[in-house]
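# Understanding the architecture of this molecule
Below, each chain spelled out in residue letters.
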Amino acid sequence: MLNHERDRIASLERRLEERPATPETLLEDLARLADLYVQVDGYLPALETLDRLRALPAARRLSPARRVAFDLKAIRCRLAKGEPAAAVAQAREVLRDLPGELVEAQVRVTLALAKGLFQLGRIGESREHAERALKLAETHGDLSLCAHALSAIMLAAYREGDLAQARETGEDAVALFRRLGDALSVARVRNSLGLVYKQFCEWEPAVANLEAALHFYRETARVSETAAPLMNLGIVHQKRGDWDRAAQCYREAEQAWISVGDDFHLAMVNIGLGNVARLQRRFPEAESHLLAALERARRHAAQREEVLALEFLGELDFDRGRPEAAVARYHEALALAARTAPEGDLVVDGFVEGDVKVNGEVQVGATGLVASAIESRWYAQFLSISQQ
């Protein structure tokens with residue numbers, strides 16, 4: 001299938017280069033080309049093609065619905081490429097100018113905005129937009145959009161630690177998508193549900209949901225989307241103590257994200273591989289991965305991943321017999337977490353107060369994470385990758 005799509009891309013590119021087209025034909029050819037790029041995970045050329053399309057004089061004559069469809073495609077490309085900040089900015093701009101009668105478009109753009117905010121760790125805002133989208137979808141009477149909104153609410157509830165609601169809304173979304181025959185959306189929600197079941201330590205349904213999602217993506221040649229269930233399977237295997245299998249999943253996820261130029265999510269891979277290396281006492285390798293994660297997180301303003309990288313660098317320092325450095329990392333991580341976590345988020349709940357001995361003296365109030373708390377709650381809560 002991918003070779004067929006690439007052949008179509010090459011043919012269309014040649015046609016655009018070799019012969020002039022009418023303004024309307026050119027616009028439609030560029031629209032088709034952007035769609036083909038998306039089908040082969042070519043998000044950068046898709047964005048460039050959409051920019052070229054929107055610059056055409058003929059684009060100014062498009063209906064508002066058609067214009068927003070192209071805008072939404074660009075927003076989704078930015079999300080898939082790991083550019084959530086740019087996606088959020090564009091979604092807000094589109095919503096500001098969107099006519100009120102285009103309810104379906106408003107719901108879709110609002111859900112894309114919720115996803116971008118989720119990726120940036122702004123969970124409370126993400127949930128607000130997802131709930132707004134659900135109300136609009138219910139008013140519009142669109143079951144598919146209702147299901148998408150439910151899945152977005154599930155992700156926010158999961159991140160905020162409301163696991164009961166996460167499971168309930170997730171199962172409701174799966175039921176709706178199955179009723180509608182939407183296999184792709186079923187796979188995406190099952191990826192997220194796998195994480196919810198993991199939090200309940202229900203290993204069999206957790207693995208079953210994640211492997212079902214992975215199987216669907218592989219069967220349909222959705223290379224970039226295999227990364228999420230692979231990363232989540234790595235987390236499950238790590239929590240169960242199968243570190244080699246966890247590392248294998250992380251590396252496969254890494255290759256999938258590299259293939260689409262997604263540098264944003266590679267910070268999470270670095271954290272996963274770094275933590276496995278730390279647990280296996282391969283300290284230089286762990287340090288390399290965790291420092292790379294910290295650099296990537298700061299470059300992309302990914303504050304959750306920055307907190308994680310700092311915390312695990314502290315754990316690494318502690319394991320290497322450097323308690324002073326560990327305490328400094330813990331304090332830096334906690335300060336950042338306290339500034340960025342929404343109310344009820346496990347970024348704060350996962351922290352435990354304790355005393356740390358430095359040079360034989362107890363440093364009262366020094367704050368770190370107990371290793372079991374990291375691996376069973378906070379680490380899994382943050383590092384898990386979910387899709388909407």
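Look a little higher up for the structure.
A short tour of the structure in this document, coming up. (Residues numbered from 1 in each chain as written. Predicted model: local features only at pLDDT ≥ 70, side-chain atom pairs only at ≥ 80, totals over all residues. Heavy atoms only, no water.)

Across its full length, the protein chain carries 19 helices and four strands. Residue burial in the protein chain is summarised as follows: out of 388 residues, 54% are buried. When contacts within the protein chain are restricted to residue pairs at least 6 apart in sequence, those whose partners lie at least 24 apart make up 60%. (Helix = DSSP H or I, 4+ residues; strand = E, 2+ residues; numbered from the N terminus. Buried < 20%, exposed > 50% of the residue type's maximum accessible area, 1.4 Å probe, protein only. Contact = heavy atoms within 4.5 Å.)

In this model, A221 sits at a positive phi of 60°, which is unusual for a non-glycine residue. Examined against the element boundaries, A221 turns out to sit in the loop between α11 (203–219) and α12 (227–239). In this structure, A301 takes a positive phi of about 55° despite not being glycine. Turning to its location among the elements, A301 is positioned in the loop between α15 (283–299) and α16 (303–319).

What follows is about the packing of helix α8 (residues 143–159) against helix α10 (residues 183–199). At their nearest, the axes of α8 and α10 sit 11 Å apart, and the two run at 25° to each other. It follows that α8 is roughly parallel to α10 by the angle criterion. Regarding α8 and α10, the two cross each other, and that crossing is left-handed. Seen from α8, the contacting residues are H148, S151, M154, L155 and Y158; seen from α10, they are S185, V189, S192, L193, L195, V196, K198 and Q199. (Axes fitted to C-alpha atoms, helices over the stretch in contact; angles between N-to-C directions. Parallel < 35°, antiparallel > 145°, perpendicular 65-115°, else oblique. Left-handed = near helix turned anticlockwise from the far one by under 90°.)

Taken as a whole, this structure holds 25 salt bridges when the rule is applied. Taking the shortest distance from any N to any O, the salt bridge between R127 and E160 comes out at 2.8 Å. Separated by 33 residues along the polypeptide, R127 in helix α7 (residues 123–140) and E160 in the loop between α8 and α9 (163–180) bring together distant segments of the chain. A relative accessible area of 15% means that R127 is categorised as buried. Through salt bridges that share partners, D263, E295, R296 and R299 make up one connected network. (Salt bridge = Lys/Arg side-chain N within 4 Å of Asp/Glu carboxyl O.)

This part is about α12. Think of an α-helix as turning once every 3.6 residues; residues three or four places apart then point the same way. The first and last C-alpha atoms of α12 sit 18 Å apart over 13 residues, in line with the 18 Å expected at 1.5 Å per residue. In terms of burial, α12 is largely enclosed, as twelve of its 13 residues are buried. Among the residues of α12, those classed as buried are A227, A228, P229, L230, M231, N232, L233, G234, I235, V236, H237 and Q238. With its phi angle positive at about 90°, G241 sits one or two positions after the end of α12. (Expected span 1.5 Å × (residues − 1).)

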